[in-house]
Amino acid sequence: MKDRVYRFHVAQRWRGPGIRLLATLVLLWSSWWTVSAQVSTLPSKADSVKFAAIGDAGTGDPPQYDIANQMARLHTTFPFDRVIMLGDNIYGGQSANDLIKKFSQPYKVLLDQGVKFYASLGNHDDPVNIRYPLWNMQGQRYYDYATKNVRFFALDSNKVDKKELDWLENELKNSKEDWKVCYFHHPLYSDARTHGPSIDVRVVFEPLFVTYGVNVVFAGHEHVYERLTPQKGIYYFIEGAGGELRKGDIKRSSTTAAAFDQDQSFLLVEIDGNRLSFQAISRTGVTVDSGTIERQARAQGQELTSEGGRR
Amino acid sequence: MSPDAPHPAHSEREHQPAVSRHRRIARRVSGFILDYLVALPIGCAAALLWANTLPESYYRFERVMNFPVNDIGIAFFFALITKEVAEATLPDGALHPWRRAALPAVAAIGGVVVSIATYLLFLQSAGEPMLMGGWPAAAAIDIPGSYVIVRLIFKRHPAVPFLLLLAISADAIGLVCVAVFQTGGDAQPVIGLALMAIAVGLAAGLRRGKVNSFWPYLLVPGTLSWFALFLGGVHPALALVPIIPFLPHARRDRGLFVEPTPQAHDTLTLFERWWRLPVEGVLLLFGLVNAGVPLHGLEAGVWALPVAGLVRPFGILAAAWLAIAAGLHVPHGFGWRDLLVVGCATSIGLVFALFFSTAVMPLGPVLLEMKLGALITIAGGGVAFVVARLLHVGRFAR
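This structure is a prediction, so every number in the text was calculated from the model and none was measured.

Side note on the overall build of chain A
- Scanning chain A from terminus to terminus reveals seven helices and 13 strands.
- Evaluated residue by residue, chain A yields a buried proportion of 49% over its 311 residues.

Shown next as structure tokens:
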């Protein structure tokens, strides 16, 4: 708002009619652009599953609050009822005051409107926070829940023991929903320079994902946004810039479908029938990636077949 | 070079003292240590290279080999360490009588407490709470590694047995912590205890029946002990630790890590001779399976174990000071500067820190951070040399 007022004053200072007209046009365009950038481009159908994804968010710094404000603004036009948290939900101190400053305060508007947050843990999270009621983890490091035709699996990629793998296999096997969405902290595929893919986790998770038909995987850890080309038929998203940011960290490769590493960002997702629509939005409200993907056609035990996301 | 190969006369004269000195050192230090110094680094180097060039194939290999190496194979390495400790309790041994070990044991407690506290405080300040569950690994001291460093600095000196007793005590405390605080969720402690009682009873029976072959001890009580620990939720790599002391042994100890004489034919010595080569293979595989960690994108948690190791000497010094004030005696010719250098050498965690890490942490990035930290602790050897040089201790004495 301050920005627009400033631009108006600049326009007033120029008295020449041509310049004034140009300045007015620029002002009108920038106002339209600012408003349109904050509108979701997703279908927002009545019966669809709508959610947001944030990762590496819990800094308590202004960029986290900016992202939270953008989410709250977009919630008015795209009423998502849940947020999946991709780990590193709280950085540094993990006291009750930190939980307020780095979680419940920035997302207060969303929490007040009944939006539920479902967390997975990152390497900077204190494991005791699995009992934090606003993260809905049911006191577990890994858990699953379903809504309509989607089942979400929140996993712990920090410490993957046999018990978790057995549980995951059993839950995936028994899942009857059309969409199987897994999320956790460490990305199995990544084109970011700092960490790169967590291959030790990939060799244990991926065979289960492929065998039991996981459709989409969300991860954080890298402080950027990235959408990867489907790997073994599975769609992979990284959204680890919900508060932290590593500017210029992406090193594009053949597996990069889209990426954004210039500002903090978050992801909105809508699943309607066999279609998943997504929109990645920056801290300033600019859509940095969007598209629709079709649910992969496959028989259980076969690799998924897909063409990847479409812009 | 073959000993029969012809040499120019002047060259022979020049090299003879060096060659004979190396031979003398090799004779004094057991083959076990020499094997350790060769096999483990080769395994570690190969693992680092493999994991950072073809990571997917490496982690698949690691996943397949983890159980046979870390849960079965390494049990024989711990058996050889236990053999050295068991022999040290014999007359002439470093642990005979037990009160000789009192000061190093107290110093070890100080070192363990300070290193675990440092480990936790470091993680707290670095914002890496996920690694806190790995605190028993902060107690680990690599016995052969620190022994080699102290031996190189001090040669023959009371610092050497002191270091060994200290390291053995610290690792024993760490193992107890792993066993008590890190038991598996599906543990069946009653069944485990019952099986262990049977295993120990059978080992005692074999000893009483004057069974001199080590195979029956390994195959029956050893196997039972492995299942007892496995079912009891304790790391089964320690299966032979309670069995080895029952093997018939010599009347007197030759010294820790000292090569047995060719005339020695007691069961414990035969066990060592038979298993030394296979354990060399196990150590190579242990390095290969456990040391493969990515060398990029390091998190702050990697430094927790090295920092804990570097601060350990202060805990050792403080505990030793308290123990001496309470009336315990320092070995003759062993001063505070020597103790500080010994403390620096104990900052090497290597195999024991790797083992403790895998015992307390399931696979994943957190374990990789701990493993890399365990590897970095090798630098403690260099620190010990630098401190020894600065303080003019051991080989650097004026």
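What follows picks up the thread again.
Here's the deal with the overall build of chain B
- Tallying secondary structure elements over chain B gives 14 helices and zero strands in all.
- Each helix and strand of chain B, ordered N terminal to C terminal, gives the series α-α-α-α-α-α-α-α-α-α-α-α-α-α.
- When burial is assessed residue by residue, chain B has 53% of its 398 residues classed as buried.
- Across chain B, every contact between residues at least 6 apart in sequence was considered, and the portion connecting residues at least 24 apart equals 82%.

Focus: the sheet that holds strand β12 (residues 275-282) of chain A
Residues and elements named next belong to chain A.
- The strand order β3-β2-β1-β11-β12-β13 describes an open sheet built from six strands, whose pairing is mixed. Of all the strands in the sheet, just β3 (116-119) and β13 (287-294) have a single pairing partner and so form its edges. Adjacent strand axes in the sheet meet at a mean angle of 20 degrees when their direction is disregarded.
- Pairing between strand β1 (residues 49-54) and strand β11 (residues 265-272): five bridges, direction antiparallel. When the bridges of β11 are listed, Ala52 appears paired with Leu268.
- Lying over the sheet, helix α3 (residues 62-75) contacts β1, β11 and β12, oriented at roughly 30 degrees with respect to β11.

Details of the confidence of the model for chain A
- Taken residue by residue, chain A gives an average pLDDT of 89. The fraction at 70 or more is 83%.
- When the criterion is pLDDT under 50, residues 301-311 of chain A qualifies, and its contacts beyond four places in sequence or with other chains add up to 29 contacts.

A look at unusual backbone geometry
- The phi angle at Ser44 of chain A is positive, at roughly 50 degrees, despite the residue not being glycine.
- Residue placement: Ser44 of chain A occurs in the loop between α2 (17-37) and β1.

With respect to the sheet that holds strand β9 (residues 234-239) of chain A
Residue and element names in this part refer to chain A.
- Strand order across the open sheet formed by seven strands is β4-β5-β6-β7-β9-β8-β10, with mixed pairing between neighbours. Each end of this open sheet is capped by a strand with a single partner; those strands are β4 (143-147) and β10 (256-260). On average, each strand axis in the sheet is inclined to that of its neighbour by 15 degrees, with strand direction left out of account.

Some points on the pairing of β9 of chain A
Residue and element names in this part refer to chain A.
- Counting buried positions over the six residues of β9 gives six, a clear majority of the element.
- Burial along β9 is two-sided: the face carrying Ile234, Tyr236 and Ile238 and the face carrying Tyr235, Phe237 and Glu239 are both buried.
- One ladder, built from four bridges, connects strand β7 (residues 216-219) with β9; its direction is parallel. Bridge pairing links Ala219 to Ile238 in β9.
- Note that strand β8 (residues 225-231) and β9 share five bridges and pair antiparallel. Looking across to β9, one finds that Leu228 is bridged to Tyr236.
- Once β8 ends, the chain turns through two residues before running back antiparallel as β9, passing Lys232 with a positive phi of about 50 degrees.

A few points about the interface of chain A and chain B
- Listed per partner, the contact involves 24 residues of chain A and 20 residues of chain B.
- The element contributing the most residues to the side of chain A that touches chain B is helix α7 (residues 199-211) of chain A, with five residues.
- Its residues placed into classes, the side of chain A that touches chain B shows seven nonpolar, 11 polar and six charged.

A look at the packing of helix α6 (residues 159-181) of chain B against helix α12 (residues 350-360) of chain B
Residues and elements named next belong to chain B.
- In contact at an axis separation of 11 Å, α6 and α12 are set at 10 degrees when each is read in the N-to-C sense. Relative to α12, the element α6 lies roughly parallel. Taken together, the residues of α12 that come into contact with α6 (itself represented by Asp171, Gly174 and Val178) are Phe352, Phe356, Ala359 and Val360.
- Its residues assigned to classes, the contact of α6 with α12 comprises five nonpolar, one polar and one charged.

Considering the pairing of strand β5 (residues 150-154) of chain A
Residues and elements named next belong to chain A.
- Of all five residues in β5, five are buried; the element is thus mostly enclosed.
- Here β5 shows no split at all, with Val150, Phe152 and Ala154 on one side and Arg151 and Phe153 on the other all buried.
- Pairing analysis gives five bridges linking β4 to β5, with the strands arranged antiparallel. Bridge pairing in β5 places Tyr145 opposite Phe152.
- Hairpin remark: β4 followed by β5, antiparallel, with two residues in the connecting loop; positive phi at Lys148, about 50 degrees.
- The sheet contact formed by β5 and strand β6 (residues 179-183) spans five bridges and is parallel. By the bridge assignment, Phe153 is partnered in β6 with Cys182.
- For the segment spanning β5, helix α6 (residues 162-174) and β6, crossover handedness is right-handed.

What about α3 of chain A?
Residue and element names in this part refer to chain A.
- Over its 14 residues, α3 runs 20 Å from end to end, which matches the ideal 20 Å to within 8%, given 1.5 Å per residue.
- Of the residues making up α3, those classed as buried are Gln64, Ile67, Ala68, Gln70, Met71, Leu74 and His75. Considered in projection along α3, the buried side chains sweep an arc of 155 degrees and stay on one side of the axis.
- Structurally, α3 contributes buried residues whose contacts are with β1, α5 (108-112), β11 and β12.

Notes on α7 of chain A
- For α7 of chain A, which comprises 13 residues, the first-to-last C-alpha distance of 18 Å matches the rise-based estimate of 18 Å (1.5 Å per residue) to within 8%.
- Buried residues in α7 of chain A make contact with α6, β6, β7 and β9 of chain A together with α3 (55-88) and α13 (365-376) of chain B.
- Gly213 of chain A lies just past α7 of chain A and shows a positive phi near 65 degrees.

Observations concerning the environment of Val160 of chain B
Residue and element names in this part refer to chain B.
- Along the chain, Val160 falls in helix α6.
- Once the C-alpha coordinates of Val160 and Val150 are considered, the two residues, 10 residues apart in sequence, prove to be 6.2 Å apart.
- Not counting chain neighbours up to four residues away, the residues in contact with Val160 comprise Val150, Arg151 and Phe154.

Details of the environment of Ile250 of chain A
All names here are of chain A.
- By secondary structure assignment, the location of Ile250 is in the loop between β9 and β10.
- Using a count of 22 C-beta atoms within 10 Å as the deciding quantity, one classes Ile250 as buried.
- Sequence separation of Ile250 and Ile281 is 31 residues, and the distance between their C-alpha atoms is 17 Å.
- For Ile250, the residues in contact, after removing those within four places along its chain, are Asp191, Ala192, Val224, Glu226, Ala259 and Asp261.

Concerning the nonpolar core
- Formed by 215 residues in total, the largest nonpolar core has its most connected members in Ala52, Ala53, Tyr183, Val217 and Leu268 of chain A together with Val150 and Leu163 of chain B.
- Among all residues touching Val150 of chain B, those that are not within four sequence positions of it are Ala159, Val160, Leu163, Val342 and Ala345 of chain B.

Details of the packing of α12 of chain B against α13 of chain B
All names here are of chain B.
- Direction vectors running N to C along α12 and α13 enclose 170 degrees, while the axes themselves pass 8 Å from each other. By the criterion of interaxial angle, the relationship of α12 to α13 is roughly antiparallel. For the pair formed by α12 and α13, the contact residues are Leu350, Ala353, Leu354, Ser357 and Thr358 on the first element and Leu367, Met370, Lys371 and Ala374 on the second.
- Among the residues making up the contact of α12 with α13, the classes are represented as six nonpolar, two polar and one charged.

Thresholds, definitions, all that
Residues numbered from 1 in each chain as written. Chains lettered and ligands numbered in written order. Predicted model: local features only at pLDDT ≥ 70, side-chain atom pairs only at ≥ 80, totals over all residues. Helix = DSSP H or I, 4+ residues; strand = E, 2+ residues; numbered from the N terminus. Buried ≥ 20, exposed ≤ 12 C-beta atoms within 10 Å, placed from the backbone. Contact = placed C-beta atoms within 7 Å. Pairing = 2+ DSSP bridges. Axes fitted to C-alpha atoms, helices over the stretch in contact; angles between N-to-C directions. pLDDT = per-residue confidence, 0-100. Nonpolar A, V, L, I, M, F, W, Y, C, P; charged D, E, K, R; others polar. Parallel < 35°, antiparallel > 145°, perpendicular 65-115°, else oblique. Right-handed = clockwise from strand over helix to strand, strands pointing away. Expected span 1.5 Å × (residues − 1). Arc of directions from axis to C-beta. Core = buried A, V, L, I, M, F, W, Y, C linked by C-beta atoms within 7 Å.

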